[in-house]
Amino acid sequence: MKKLAIGNDHTAVEMKRELIAYLQDKGYQVINAGTDSPESFAYPVSGYRVAKMVVSGEVDGGILICGTGVGISLAANKVDGIRCCVCSEPYSAKLSKQHNNSNIIAFGARVIGTEMAKMIVDEWLQAEFQGGRHQIRVDMIMEIEQTQKLKAAEETGV
Ligand code: RB5
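Residues numbered from 1 in each chain as written. Predicted model: local features only at pLDDT ≥ 70, side-chain atom pairs only at ≥ 80, totals over all residues. Heavy atoms only, no water.

To continue, consider the layout of surface pockets. For the largest pocket, the calculated volume is near 160 Å³. Contributing to the lining of the largest pocket are N77, K78, V79, D80, I82, R83, N100, I141, M142, I144, E145 and Q148. Among the elements that line the lining of the largest pocket, the one with the most residues is helix α6 (residues 133-156), at five residues. Partitioning the lining of the largest pocket into residue classes produces five nonpolar, three polar and four charged. (1 Å grid on protein atoms, 1.4 Å probe; cavity = no way out; pocket = protein on both sides within 12 Å on 5 of 7 lines; lining within 4 Å. Points joined across faces, edges and corners; volume = space filled by probe spheres on them. Helix = DSSP H or I, 4+ residues; strand = E, 2+ residues; numbered from the N terminus. Nonpolar A, V, L, I, M, F, W, Y, C, P; charged D, E, K, R; others polar.)

The environment of the ligand is made up of D9, H10, T11, Y43, C66, G67, T68, G71 and R110. Within the side chain of D9, one N or O atom sits 2.5 Å away from an oxygen atom of the ligand. Within the complex, 71% of the 290 Å² of free accessible area of the ligand lies under protein. Among the residues making up the shell around the ligand, the classes are represented as two nonpolar, five polar and two charged. (Near = heavy atom within 4 Å. Polar contact = N/O pair within 3.5 Å; in protein donor to acceptor, adjacent residues only side chain to side chain. Areas by Shrake-Rupley, 256 points an atom, 1.4 Å probe, with all protein chains shown as cover.)

Right, here's the structure in full:
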């Protein structure tokens, strides 16, 4: 993963800024898809932006930060193909990649500090999806998207 997109709301401007610098120092290309203003900013906007960049292949992965990480991850997970996991510690972040093949990691600027955020991002970026039985389960998750489309098509007759 070399090219990343990062999105945030007004609660996470400073954490986002520090993470961009941290990742750039490590050689990552980072696209800033969030707000840089302390003015109130609706987290679904940047959650959606980053999610679209990930599914289009414009970036290799995404990082999302709001107050808790919850709202922004919910928004991202509405986009087909996204597996965004909220993690407040590195163990879950690592496993979210190894077992769930997460393509976006999220956390809360009001929940964890910047040093913990860096550890979470490091573990996530270093981890690799393990495939095998995990692939079957991830496929099952992604099939739910298709099931919803089939249901909608049946209901509308399209
Ligand atoms: C903003 O006040 C807050 O609701 C947002 O940052 C986030 O925590 C939502 O899930």
